[in-house]
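Report on the structure
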Amino acid sequence: MNTETIFLIKRAQKHDKEAFCKLINIHLKDMYRTAIAILANDEDAGDAIQDTILSCWEKMDTLKNPQYFKTWMTRILMNHCYDALRKKSVYVDLEQYEEPSKNDEYNIEFKEALDSIAERYRLPIELFYGQGYKVREISEIMSLPQNTIKTYLSRGRKQLAKFYGEEI
Amino acid sequence: MEEKKVLPDEIELPEIVLSKSNHAFEMIRQESVNMKKEKNRRIFKSQVAAIAGRLFQLHR
């Protein structure tokens with residue numbers, strides 16, 4: 001994490017709303033990638049991101065170490081995404097992207113790649129390969145043992161390899 | 001474990017995501033206005049309570 005981001009986090013913790021908005025904008029694409037890995041559609045991802053922004057603003061005081069901001073925020077986002085899934089009680093399957101809605105015309109290749117792997121492997125694959133998280137960090141975010149994360153990454157990678165038709 | 005990019009790097013934020021995040025930012029900006037009003041209201045209340053206490057003591 002660079003010094004500018006740390007500075008923004010510290011300002012945001014002192015209720016500087018513009019610093020907070022700037023901080024979120026820095027992470028917005030990664031937030032979207034995470035939300036899509038769980039929810040698989042843009043509208044729900046937008047709702048979860050909106051809720052996460054508001055939750056983070058309200059809870060900025062509770063973040064003890066600015067270095068952990070992204071991990072902390074990702075965990076909040078993940079919880080909002082799973083809440084949304086529970087509320088909808090809908091199983092999101094691969095067929096959803098065969099006929100994308102108007103809102104889902106973005107990032108088709110990314111969504112198709114995620115769709116090619118089993119649901120439980122999508123988030124660890126995205127966090128590890130898409131955002132550069134370490135296995136230990138993913139283990140903390142997902143509250144799963146590190147060995148489980150390693151297994152998920154290995155299996156997810158194999159499924160992705162089939163999707164690309166090549167060895168990864 | 002090898003950190004190799006296996007998912008597309010280039011992502012475009014959909015309009016709906018931008019719109020909803022901008023709405024959240026507006027709510028935060030609006031909330032801070034409300035928070036200031038609330039803080040001022042609380043200060044005013046505490047000042048009234050202090051004056052009332054002082055008057056009560058003077059009239060005893």
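Higher on the page you've got the structure.
Residues numbered from 1 in each chain as written. Chains lettered and ligands numbered in written order. Predicted model: local features only at pLDDT ≥ 70, side-chain atom pairs only at ≥ 80, totals over all residues. Heavy atoms only, no water.

1. A word on the overall build of chain B
Quick reminder of the rule: Numbering of helices and strands runs from the N terminus; a helix is a DSSP stretch of H or I covering at least four residues, while a strand is a stretch of E covering at least two. Burial classification: accessible surface area is computed with a 1.4 Å probe over protein chains only, and a residue below 20% of its type maximum counts as buried, one above 50% as exposed, and the rest as partly exposed.
Looking only at helices and strands, chain B has 1 helix and 0 strands in total. Per-residue burial for chain B yields a buried fraction of 23% across its 60 residues.

2. Side note on the nonpolar core
Put simply, the rule reads: Put simply, buried Ala, Val, Leu, Ile, Met, Phe, Trp, Tyr and Cys residues joined by side-chain atoms within 4.5 Å make one nonpolar core.
Of all hydrophobic cores here, the largest spans 62 residues; its most connected members are F20, I24, Y32, I49, I53 and F69 of chain A. Per element, the largest residue contribution to this core is 13 residues, and it comes from helix 2 (residues 17-39) of chain A.

3. Topic: the packing of aromatic side chains
Residues and elements named next belong to chain A. For clarity, the cut-off: Geometry of aromatic contacts follows a simple scheme: Phe, Tyr and Trp rings, the Trp one being its six-membered ring, pair when their centres are within 6.5 Å, and the pair is stacked under 30 degrees between planes, edge-to-face over 60, tilted otherwise.
Going through the model one piece at a time under the given rule, you end up with 5 aromatic pairs over all chains. Ring plane angle 55° and centroid distance 5.3 Å describe the contact between Y121 and Y152, whose orientation is recorded as tilted. Here the residue Y121 occupies a position in helix 6 (residues 119-130), and Y152 occupies one in helix 8 (residues 146-164), the gap between them amounting to 31 residues. Here the two residues Y121 and Y152 agree in accessibility, since each one is buried.

4. Structural notes on a nonpolar patch on the surface
All names here are of chain B. Stated formally: Excluding any residue in a salt bridge, patches collect residues exceeding 30% relative accessible area, merging like charges within 9 Å and nonpolar Val, Leu, Ile, Met, Phe, Trp and Tyr side chains within 5 Å. Note on areas: these come from Shrake-Rupley sampling with a 1.4 Å probe, and a residue is covered only by the protein chains present in the view. Salt bridges are counted wherever a side-chain nitrogen of Lys or Arg sits within 4 Å of a carboxyl oxygen of Asp or Glu.
Together, I51, L55 and L58 make up an exposed nonpolar region whose accessible area comes to about 310 Å². Within the element layout of this structure, L55 appears in helix 1 (residues 15-58). Overall, L55 belongs to the partly exposed group, its relative accessible area being 44%.

5. Examining helix 1 (residues 3-13) of chain A
Residues and elements named next belong to chain A. Here is the rule: Arc definition: directions from the helix axis to the C-beta atoms. We call two residues contacting when some pair of their heavy atoms lies within 4.5 Å.
What helix 1 keeps buried is the set T5, I6, L8, I9, A12 and Q13. Angularly, the buried residues of helix 1 cover 160° about the axis, an arc narrow enough to put them on a single face. Every exposed residue of helix 1 that faces more than 90 degrees away from the buried side is listed here: T3 and F7. Buried residues along helix 1 sit in contact with helix 2, helix 3 (42-59) and helix 4 (69-88). The positive-phi residue at the C-terminal boundary of helix 1 is H15, with phi of around 65°.

6. Regarding the packing of helix 3 of chain A against helix 4 of chain A
All names here are of chain A. As a reminder of what qualifies: Lines fitted to the C-alpha atoms define the axes, with helices restricted to the stretch that makes contact. Angles between their N-to-C directions range from 0 to 180 degrees. Comment on the angle field: the value is read as roughly parallel under 35 degrees, roughly antiparallel over 145, roughly perpendicular from 65 to 115, and oblique elsewhere. Left-handed describes a crossing in which the near helix is turned anticlockwise from the far one by less than a right angle; the clockwise case is right-handed. Polarity classes work like this: nonpolar for Ala, Val, Leu, Ile, Met, Phe, Trp, Tyr, Cys and Pro, charged for Asp, Glu, Lys and Arg, and polar for all others, with Gly in that last group.
One can describe the packing of helix 3 onto helix 4 by two numbers: an axis separation of 9 Å at closest approach and a directional angle of 135°. As the angle between them shows, helix 3 and helix 4 are arranged oblique. For the element pair helix 3 and helix 4, the recorded crossing hand is right-handed. Residues D44, A48, I49, D51, T52, S55, C56 and K59 of helix 3 form the contact with helix 4, whose participating residues are W72, M73, I76, L77, H80, C81 and K88. A breakdown of the residues in the contact of helix 3 with helix 4 according to their chemical character gives 8 nonpolar, 3 polar and 4 charged.

7. So, the pattern of salt bridges
Scanning the model with the defined rule gives 10 salt bridges over all chains in all. Here D16 of chain A and R11 of chain A are joined by a salt bridge, their closest N and O atoms 3.3 Å apart. Taking the relative accessible area as the measure of exposure, R11 of chain A reaches 32% and is therefore partly exposed. Salt-bridge contacts for R86 of chain A lead to D83 of chain A; the nearest nitrogen and oxygen are separated by 2.6 Å. In this pair, R86 of chain A and D83 of chain A are both assigned in helix 4, 3 residues apart and thus about one turn of the helix distant. Bridged by salt links that share partners, the residues E18 of chain A together with E26 and R29 of chain B form one connected network.

By themselves, these figures tell us nothing about what the structure is for.
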